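# A closer look at the structure
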Amino acid sequence: MPGRTLPTLPTADVASHNTASSCYVTVGTKVYDITPFLDDHPGGGELIVEYGGKDVTEIMQDEVSHTHSESAWEILDDHLIGFVAGEKVIDAVVKSDDPFAIVPLEPGSTEKGMMELESGGAGEEVRKREEVSKFGEEQAEKAVYENTGLSSAEDLDKETDTREDYKKHKFLDLDRPLLMQVFNGGFSKQFYLEQVHRPRHYKGGASAPLFGNFLEPLSKTAWYVVPTVWLPPVAYGTYLGFTHFTPLQTISYWMLGLCLWTLVEYGLHRCLFHVDHYMPDNRFAITAHFLLHGIHHYLPMDRLRLVMPPTLFVALALPFWKLAHTVFAYDWYAAVTVFCGGIFGYIVYDCTHYFLHHKNLPSYYREIKKYHLQHHFADYENGFGVTSRFWDRIFGTELAPPPMPKVMKAV
């Protein structure tokens, strides 16, 4: 079946698509509709909309602004919708004795057409995307972080070829239930940690099978489940505090719980989720690590495994409930109010975590998003703060701005 011929669009039409509801960009003569990608862009959709209807070659290659990997260009290619004829191309068509040799502007239209475009000075525009690919191939060997096998946040959205990935790395087959593969794989701790921190992207952010049976739904949680389930008890517990204390006392206890949560967030992420090198080297420890946090680093863009399932949260929260009632044993209401402040912090944390991966965010959160995604694509051994980097600064685990990828190693 012959391929579909893409249209050649008027310049004015392309330029008019410059809003969040319809955003086109161009590279030379190629036109891309990247509206569906706006929410997933690591720097936020507003940065793309700013260049809506314009050529983005220069900004995509600008190392000072942001280094875009070949994966980013490949994502762009997935959104190709047609071509645009600039002034030089139109001049070449007008002067040609065979204009249909030039348009439509499909890749490599005809040999005669390309010769006429070259003579008219339009050849560079037509070849621009291909020239970028050549440059990317030359840079590929030095564009990969050794720990993760990625070079930028855009790589997190590059779909994994499941067959090739399994054939190359001999780790997990993403098309088969993952849990028993981890348990029965016979992996050493070193090999497991190397592989689980090299992110994969499964079918556009879908969930790879984990259990492969009736337990599968229990491993998936939509982000809105977190506030739906936990905000009502938090509101009730806070109300109980107001019935027992003065407003100032209640707010003070509640804010204490919220502040303590930020330390708990950091501590859980660093000391439990990333116990990594301190865990035993056996199948039980490796499987537990995978279920608790490893799967998130392995498939970081899985939309349904980004927030904590309620059952797991109850198990992790119970010790903190006991701790609160031990520390504040002198007053049950004080313990409940502090605990509610902490749980509210958890709700904010889990929702923020989801939004950092999948939503377009205000400018302040865009910086947090860049910081957190750097934890995934560059350095998983630092950058444990999700809602802020405050405790990273205190404990010396703050991520430095990502360098131009030079300390790299071939995948």
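Before going into details, it helps to say that this report is about the structure given with it. The residue numbering used here restarts from 1 in each chain and proceeds along that chain's sequence as written. Since the coordinates come from a predicted model, pLDDT governs what is reported: local features require at least 70, and pairs of side-chain atoms require 80 or more to be given and counted, while whole-chain, interface and lining totals use all residues. To obtain the side-chain values, all non-hydrogen atoms of the structure were included, while hydrogens and water were left out.

## Let's talk about the overall build of the protein
A helix here means a DSSP run of H or I that spans at least four residues, while a strand means a run of E at least two residues long, and both kinds are numbered starting from the N terminus. A tally of helices and strands in the protein yields 17 helices and five strands. Considering the protein as a whole, with its 411 residues, one finds that 48% of them fall into the buried category. Contacts: residue pairs with any heavy atoms within 4.5 Å of one another. Look at the contacts in the protein between residues 6 or more apart in sequence, and 72% of them connect residues 24 or more apart. The Shrake-Rupley method, run with a 1.4 Å probe sphere, supplies the accessible areas, and residue values consider only the shown protein chains as cover. Accessible surface computed for the protein: about 20,900 Å², of which carbon and sulfur atoms make up 61%. The classification of residues rests on relative accessible area computed with a 1.4 Å probe and restricted to protein chains. Under 20% of the type maximum is buried, over 50% is exposed, and intermediate values are partly exposed.

## Focus on the layout of surface pockets
In this approach the atoms are scanned with a rolling probe the size of a water molecule, which exposes any empty space left behind. Estimates place the volume of the second largest pocket at around 510 Å³. Elements with a minimum of two residues in the lining of the second largest pocket: helix 13 (283–298), helix 14 (310–327) and helix 15 (332–358). Take the lining of the second largest pocket: its biggest share by element is seven residues, from helix 13. Each residue gets one of three labels, nonpolar for Ala, Val, Leu, Ile, Met, Phe, Trp, Tyr, Cys and Pro, charged for Asp, Glu, Lys and Arg, and polar for the others, Gly among them. Residues of the lining of the second largest pocket, tallied by class, amount to 17 nonpolar, five polar and two charged. Lining residues are defined by having an atom within 4 Å of a point belonging to a cavity or pocket. Those points lie on a 1 Å grid over the protein atoms alone, cavities being sets where a 1.4 Å probe fits but cannot get out and pockets being open sets with protein on both sides within 12 Å along at least five of seven lines. Grid points are joined across faces, edges and corners, and a volume is the space filled by probe spheres set on the points.

## Brief notes about a negative patch on the surface
Patch building starts from residues that exceed 30% relative accessible area and form no salt bridge, then joins like charges within 9 Å and nonpolar side chains (Val, Leu, Ile, Met, Phe, Trp, Tyr) within 5 Å. We define a salt bridge as a side-chain nitrogen of Lys or Arg found within 4 Å of a carboxyl oxygen belonging to Asp or Glu. Residues counted as positive are Lys and Arg, residues counted as negative are Asp and Glu, and His and the chain ends are not counted. Charged side chains are reduced to one point each, which is NZ for Lys, CZ for Arg, CG for Asp and CD for Glu. A surface patch of negative charge is lined by Asp78, Glu159, Asp161 and Glu164. By the secondary structure assignment, Asp78 is in the loop between helix 4 (70–77) and strand 5 (80–84).

## Side note on the packing of aromatic side chains
Between rings of Phe, Tyr and Trp, where Trp is taken as its six-membered ring, a pair exists when centres lie within 6.5 Å; planes separated by under 30 degrees are stacked, by over 60 edge-to-face, and by other angles tilted. Summed over the entire model, instances satisfying the criterion amount to 27 aromatic pairs. Between Phe171 and Phe191, the ring centres sit 5.9 Å apart and the planes meet at 80°, which makes this aromatic pair edge-to-face. In this pair, Phe171 is assigned in the loop between helix 8 (162–169) and helix 9 (178–184) and Phe191 in helix 10 (residues 189–196), connecting sequence segments 20 residues apart. In this structure Phe191 comes out as partly exposed when scored by relative accessible area, which is 25%. Relative to Tyr298, the ring of Phe171 has its centre 5.4 Å away and its plane inclined at 85°; by these criteria the two rings are edge-to-face. On the criterion of sequence distance, the pair formed by Phe171 in the loop between helix 8 and helix 9 and Tyr298 in helix 13 is long-range, its members being 127 residues apart. When its relative accessible area of 0% is taken as the criterion, Tyr298 is described as buried. Feature note: the residues Phe171, Phe187, Phe191, Tyr192, Phe290 and Tyr298 constitute an aromatic cluster, connected by ring pairs.

## A word on the pairing of strand 5
Note on pairing: DSSP must find at least two bridges between two strands before they are called paired. Where strand 1 (residues 8–9) meets strand 5, two bridges bridge the pair, whose relative direction is parallel. Within strand 5, the position partnered with Leu9 by the bridge is Val84.

## Describing the packing of helix 11 (residues 225–244) against helix 15
Geometry is summarised by axes, namely lines fitted to C-alpha atoms with helices restricted to the contacting stretch, and by angles between N-to-C directions that run from 0 to 180 degrees. Contact pair helix 11 / helix 15: the axes reach a minimum separation of 9 Å and the direction vectors enclose 150°. As the angle between them shows, helix 11 and helix 15 are arranged roughly antiparallel. Crossing handedness for the pair helix 11 and helix 15: left-handed. Taking contact as the criterion, the partners of Val226, Pro227, Trp230, Leu231, Pro233, Val234, Gly237, Thr238, Leu240, Gly241 and His244 in helix 11 are, on helix 15, Trp332, Tyr333, Val336, Thr337, Cys340, Ile343, Phe344, Tyr346, Ile347, Asp350 and Cys351. Relative orientations are named as follows: roughly parallel for angles under 35 degrees, roughly antiparallel for angles over 145 degrees, roughly perpendicular for angles from 65 to 115 degrees, and oblique for any other angle. Take the far helix as your reference; a near helix turned counterclockwise from it by less than a right angle gives a left-handed crossing, and one turned clockwise gives a right-handed crossing.

## Side note on the pairing of strand 3 (residues 22–27)
Burial analysis of strand 3 places five of its six residues in the buried class, which makes it a mostly covered element. Across two bridges, the pairing between strand 2 (residues 18–19) and strand 3 is antiparallel. Counted as the bridge partner of Asn18 is Cys23 from strand 3. Linkage of strand 2 to strand 3, two consecutive antiparallel strands, is achieved through a turn of two residues. Pairing between strand 3 and strand 4 (residues 30–33): four bridges, direction antiparallel. Paired with Val25 across the two strands is Tyr32, which belongs to strand 4. Taken together, strand 3 and the strand that follows it, strand 4, pair antiparallel across an intervening segment of two residues, in which Gly28 is found at a positive phi of about 65°.

## Quick word on the packing of helix 14 against helix 15
The geometry of helix 14 relative to helix 15 is characterised by a closest axis approach of 9 Å and an angle of 145° between their N-to-C directions. The element helix 14 and its partner helix 15 pack so that their crossing is right-handed. Residues Phe313, Ala317, Phe320, Trp321, Ala324 and His325 of helix 14 touch helix 15, and the partners they reach there are Trp332, Ala335, Val336, Phe339, Ile343 and Tyr346. The class makeup of the residues in the contact of helix 14 with helix 15 is 11 nonpolar, one polar and no charged.

## Details of the side chain of Thr148
Mapped onto the fold, Thr148 is located in the loop between helix 7 (123–139) and helix 8. Residue class for Thr148 comes out buried when judged on its relative accessible area of 1%. Polar contact is defined as a pair of N or O atoms within 3.5 Å, subject to the rule that within protein one atom must be able to donate a hydrogen and the other to accept it, and that residues adjacent in sequence are counted only when both atoms are side-chain atoms. Within the local environment of Thr148, its side chain forms a polar contact with the backbone nitrogen of Leu150, the two atoms lying 3.3 Å apart. Polar side-chain contacts of Thr148 include one of 2.4 Å to the backbone oxygen of Phe377. In this view, Thr148 contacts His197, Arg198, Pro199, His376, Phe377, Ala378 and Tyr380; residues no more than four positions away in its chain are not counted.

## Some words on helix 10
For an α-helix, 3.6 residues make a turn, and residues three or four places apart therefore share a direction. The complete set of buried residues in helix 10 reads Lys189, Tyr192, Leu193, Gln195 and Val196. Burial along helix 10 is one-sided: seen end-on, the buried residues are contained in an arc of 170°. Residues of helix 10 that are buried in the fold lie against helix 8 and helix 13. Here the arc refers to the set of directions running from the helix axis out to each C-beta atom.

## Considerations on the sheet that holds strand 1
Spatially, the five strands line up as an open sheet ordered 1-5-4-3-2, and their pairing is mixed. Strands with a single pairing partner mark the edges of an open sheet, and in this sheet they are strand 1 and strand 2.

## Regarding the nonpolar core
Residues Val226, Trp230, Phe313, Ile343, Tyr346, Ile347 and Tyr349 are the most contacted members of the largest nonpolar core, which totals 24 residues. Residue assignment for this core shows that the elements contributing at least two residues are helix 11, helix 12 (247–273), helix 14 and helix 15. Considering every element that reaches this core, the biggest residue donor is helix 15, with 10 residues. Setting aside residues no more than four positions away along its own chain, Val226 makes contact with Leu231, Val307, Met308, Tyr346, Ile347 and Asp350. Take the buried residues of types Ala, Val, Leu, Ile, Met, Phe, Trp, Tyr and Cys, join any two whose side-chain atoms come within 4.5 Å, and each joined set is a nonpolar core. Membership of the second largest hydrophobic core comes to 19 residues, among which are Phe171, Leu174, Leu178 and Leu179.

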